[in-house]
Amino acid sequence: MTGEDDATPQDGPAESDDAATQDDLTHVDDEGNVQMVDVGAKPDTHRRAVARGTIHLSESTVRAIRDDQIGKGDVLATARIGAIQAVKHTWETIPMCHQIPITNVDTDFEVGDDAVTLSVTVETTGKTGCEMEALEGVTTGLNVVWDMVKAAEKDDDGQYPGTKMSDIEVIRKEKYS
């Protein structure tokens, strides 16, 4: 179940060679014009998606996050707010996403020695999935972390040689009837 097309439980392409044909694409009409998928006839269903991603930082920056010593304020609290806001506004930034009723957002941070991993769980009761919302929460939450710590991460040339985001993925999506 993708954010817009829940045609099959497996959400895989109809053809075994993974080559999508225009008939398989749900975001284009018969003439190839981009369109939003009509989900109006679909029943409301409880749906849940979990996404995760990691930002790699210097050990000293992670210690400063843990000790609440970042000059801009509480990094994880601010990132949590940013993640939740992003979830609620996904439909405004991804052109073909529907505006869906968000029923719950959970954020979880794992702080390691040189990285922070953020997991975002989104729930909805609606006609389409919420994995795009979970991904938006993760990427924005990690961007907020980067913004909050960028002064600590910059080298003498103003660059970020060791700072990077990785492993951004949907780790689970569920649909309950």
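Cut-off values and rules
- Residues numbered from 1 in each chain as written.
- Predicted model: local features only at pLDDT ≥ 70, side-chain atom pairs only at ≥ 80, totals over all residues.
- Heavy atoms only, no water.
- UniProt positions renumbered as here; feature names shortened; annotations may be inferred.
- Helix = DSSP H or I, 4+ residues; strand = E, 2+ residues; numbered from the N terminus.
- Buried < 20%, exposed > 50% of the residue type's maximum accessible area, 1.4 Å probe, protein only.
- Salt bridge = Lys/Arg side-chain N within 4 Å of Asp/Glu carboxyl O.
- Pairing = 2+ DSSP bridges.
- Polar contact = N/O pair within 3.5 Å; in protein donor to acceptor, adjacent residues only side chain to side chain.
- Contact = heavy atoms within 4.5 Å.

For the chain, an unreviewed UniProt entry supplies the name Probable cyclic pyranopterin monophosphate synthase and the organism Haloferax larsenii. According to the UniProt record, the Function (unreviewed entry) comment for the chain reads "Catalyzes the conversion of (8S)-3',8-cyclo-7,8-dihydroguanosine 5'-triphosphate to cyclic pyranopterin monophosphate (cPMP)." UniProt's Pathway (unreviewed entry) comment on the chain is quoted here verbatim: "Cofactor biosynthesis; molybdopterin biosynthesis."

K.L.:
How would you sum up the UniProt feature "active site" (unreviewed entry) in the chain? Please name residues and give values.
P.N.:
Sites flagged by UniProt as "active site" (unreviewed entry) map to D147. Take D147: it is sitting in helix α4 (residues 131-153). Given the relative accessible area of 35%, D147 is considered partly exposed.

K.L.:
Please set out the pattern of salt bridges residue by residue, giving values where relevant.
P.N.:
A full pass over the atoms with the stated rule returns seven salt bridges. The closest approach of N and O atoms between K127 and D44, which form a salt bridge, is 3.5 Å. Taken together, the positions of K127 in the loop between β3 (115-126) and α4 and D44 in the segment before β1 (45-56) put the pair 83 residues apart, joining distant regions of the chain. Since its relative accessible area comes to 27%, K127 is described here as partly exposed. For D44, a relative accessible area of 52% puts it in the exposed group.

K.L.:
Before we move on, could you go through the pairing of β1 and cite the residues and values that matter?
P.N.:
The pairing of β1 with β3 spans 12 bridges and is classified as antiparallel. The residue of β3 that forms the bridge with I55 is V116. As defined by bridge partners, β1 adjoins strand β4 (residues 164-176) across 10 bridges and the pair is classed as antiparallel. Paired with R52 across the bridge in β4 is E169.

K.L.:
Run through the side chain of T107, naming residues and quoting values.
P.N.:
Here T107 is to be found in strand β2 (residues 102-111). Separated by 2.7 Å, the side chains of T107 and R80 make a polar contact. When neighbours within four sequence positions are excluded, T107 is seen to be in contact with R80, A83, I84, L118, S119 and V120.

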